[in-house]
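Listed here are the chains, written in short residue letters.
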Amino acid sequence: MKSALMGTAAALGMVLGTAAVAQEQTFISIGTGAVTGVYYPTGGAICRLVNRDRAEHGIRCGVESTGGSVFNINAIRSGELEFGVAQSDTQFQAIDGSGSFEGEAFEDLRAVFALHPEPFTVVARADAGVRTFEDLRGKRVNVGNPGSGTRDTMELTMERFGMTMSDFSMVSELQPGEQSQALCDNNIDVMTYTVGHPSGAIQEATTACDSVLVNVSGEQIDALVEEFPYYRTATIPGGMYRGNDEDVQTFGVGATLVTSASVSEDVVYAVTRAVFENIDQFRGLHPAFENLDPEQMATDGLSAPLHPGAERYFREAGLIE
Ligand code: GLU
């Protein structure tokens, strides 16, 4: 009996010992978006720089393809993910308890840093006769999958233009990765994507068939940009996509990296440091990062309180007072 108990204790000791060793490695996951978007390669770029210094900090970083901003913040809240990429308006709404987070503010949401700009991008089949947002009436429109930031941007824009889902002849909720093909297969007339540029999904939609980027502008948008600090007018430069040589006017948000107050200061510090100390290399990892500026990344579009780990790095680097 006694020896059996001791045996158990020894086995337990071994298990605990193994656990202690495993704890020296910290696993973190970053929630991103569709693989043809920009969030997914963004997560990949962050993890690449973090993993390079693994011997120093013991963090192993991985990326998950997800449904987008709202999904990512909810997964951080439930503890499924440690980090996520999210639109600056979604970040605001989550901490404020508005929009998709109406009455359910996520008080432990923390901002890490800002990333690339994301213009609201509406692409129509060239033969659909759509040149402005108002031309969407009567068309077959993909409004974005639930859980995406795109869906929220689309609903907001519709509201501003006084439109509802019933103004479209057909509504679909395809994922960003599916909608380019649906557009070129003539299953929808219009796709929508709040995304950095250039992005794989828009490249696909403009090369696999003839399609045009649509202006989303006018007094409704001017009023929106005036009202909220996290929306701004945006231009998608002409010549970036096949068949679209003119600049397109729209509005947009910024992509941001977010986490939870329950993620440790050391982990968030290490992630922030890996990106900012290698900013030139980071910029080279995706063309949408070309104009990233560390000072703006430390402040722009961050509505949630800054995580103490990011704050520690920004102070050390003299990026904030
Ligand atoms: N802004 C999009 C969203 O939150 C995702 C864009 C991307 O994956 O690059 O749904």
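Our subject in this report is the structure included herewith. Model, not experiment: these values are computed from the prediction.

Parameters and conventions
- Residues numbered from 1 in each chain as written.
- Predicted model: local features only at pLDDT ≥ 70, side-chain atom pairs only at ≥ 80, totals over all residues.
- Heavy atoms only, no water.
- Disulfide = S-S within 2.5 Å.
- Helix = DSSP H or I, 4+ residues; strand = E, 2+ residues; numbered from the N terminus.
- Buried < 20%, exposed > 50% of the residue type's maximum accessible area, 1.4 Å probe, protein only.
- Near = heavy atom within 4 Å.
- Polar contact = N/O pair within 3.5 Å; in protein donor to acceptor, adjacent residues only side chain to side chain.
- Areas by Shrake-Rupley, 256 points an atom, 1.4 Å probe, with all protein chains shown as cover.
- Nonpolar A, V, L, I, M, F, W, Y, C, P; charged D, E, K, R; others polar.
- Axes fitted to C-alpha atoms, helices over the stretch in contact; angles between N-to-C directions.
- Parallel < 35°, antiparallel > 145°, perpendicular 65-115°, else oblique.
- Contact = heavy atoms within 4.5 Å.
- Pairing = 2+ DSSP bridges.
- Core = buried A, V, L, I, M, F, W, Y, C linked by side-chain atoms within 4.5 Å.

Turning next to the state of the cysteines. The bond known as a disulfide is covalent and runs between the sulfur atoms of two cysteines. What the rule picks out here adds up to 2 disulfides. Linked covalently through their sulfurs, cysteine 47 and cysteine 61 form a disulfide whose S-S length is 2.1 Å. Here the S-S torsion is close to -60°, and the disulfide linking cysteine 47 with cysteine 61 is therefore left-handed. In this pair, cysteine 47 sits in helix 2 (residues 39-52) while cysteine 61 sits in strand 2 (residues 59-64), placing the two residues 14 residues apart along the sequence. Neither residue differs from the other here; cysteine 47 and cysteine 61 are each classed as buried. Here cysteine 184 pairs with cysteine 209 through a disulfide, and the sulfurs are 2.0 Å apart. Disulfide cysteine 184-cysteine 209: the torsion about the S-S bond is -65°, which places it as left-handed. With cysteine 184 in helix 7 (residues 176-184) and cysteine 209 in the loop between helix 8 (200-207) and strand 8 (211-214), this residue pair connects regions lying 25 residues apart in the sequence. Of the residues examined, cysteine 209 reaches a relative accessible area of 12% and is grouped as buried. The cystine pairing of the protein chain, numbering bonded cysteines in sequence order, is 1-2, 3-4.

Moving on, we come to the site of the ligand. Taken together, 14 residues surround the ligand, and among them Val38, Tyr39, Ser69, Gly149 and Thr194 come closest. The separation between an oxygen atom of the ligand and a polar main-chain atom of valine 38 is 2.6 Å. Look at the ligand: alone it shows 300 Å² of surface, and the protein chains cover 98% of it. When contributions to the shell around the ligand are tallied by element, the ones reaching two or more residues are helix 6 (149-160) and strand 7 (190-194). Taken together, the residues of the shell around the ligand sort by class into 4 nonpolar, 9 polar and 1 charged.

Here the focus is the packing of helix 7 against helix 8. At their nearest, the axes of helix 7 and helix 8 sit 9 Å apart, and the two run at 10° to each other. Comparing the axis directions of helix 7 and helix 8 gives the class roughly parallel. Contacts between helix 7 and helix 8 pair Pro176, Ser180, Gln181, Leu183 and Cys184 from the former with Ala201, Glu204 and Ala205 from the latter. Among the residues forming the contact of helix 7 with helix 8, the class breakdown is 5 nonpolar, 2 polar and 1 charged.

Our focus in this paragraph is the pairing of strand 1 (residues 26-31). Pairing analysis gives 6 bridges linking strand 1 to strand 2, with the strands arranged parallel. When the sheet's bridge partners are listed, phenylalanine 27 is paired in strand 2 with arginine 60. In the sheet, strand 1 pairs with strand 3 (residues 83-87) via 2 bridges, with the strands oriented parallel. Across the sheet, residue glycine 31 finds its bridge partner in strand 3, namely glycine 84.

Following the sequence through the fold, glutamine 93 ends up in helix 5 (residues 88-96). Residue class for glutamine 93 comes out buried when judged on its relative accessible area of 13%. Apart from residues lying up to four places away in sequence, glutamine 93 is in contact with Ser98, Gly99, Ser100, Phe101, Asp152 and Tyr231.

Okay, helix 7 next. Listing the buried residues of helix 7 in full gives Pro176, Gln179, Ser180, Ala182, Leu183 and Cys184. As for helix 7, its buried residues are in contact with strand 4 (109-125), strand 5 (140-142), strand 7, helix 8 and strand 8. Downstream of helix 7 by a residue or two, asparagine 186 has a phi angle that is positive, lying close to 65°.

Here the focus is the nonpolar core. As a rule of thumb, nonpolar side chains are buried together in soluble globular proteins. Grouped together as the largest cluster of nonpolar side chains are 36 residues, with contacts concentrated most on Ile46, Phe83, Phe113, Leu257 and Phe282. Once residues lying within four places of it in the same chain are set aside, the contact partners of phenylalanine 282 are Ala45, Ile46, Leu49, Leu115, Val275, Phe289 and Leu292. Counting 25 residues, the second largest nonpolar core, distinct from the first, contains Phe120, Val143, Leu156 and Met158.

Before going further, it helps to spend a moment on unusual backbone geometry. In this structure, the amide linkage connecting histidine 197 to the following residue, proline 198, adopts the cis form with an omega of -5°. For proline 198, the position within the fold is in the loop between strand 7 and helix 8. Positioned with a positive phi, asparagine 186 is a non-glycine residue whose angle comes to about 65°. Inspection of the secondary structure puts asparagine 186 in the loop between helix 7 and strand 7. Relative accessible area serves as the criterion here: at 37%, asparagine 186 is assigned to the partly exposed category.

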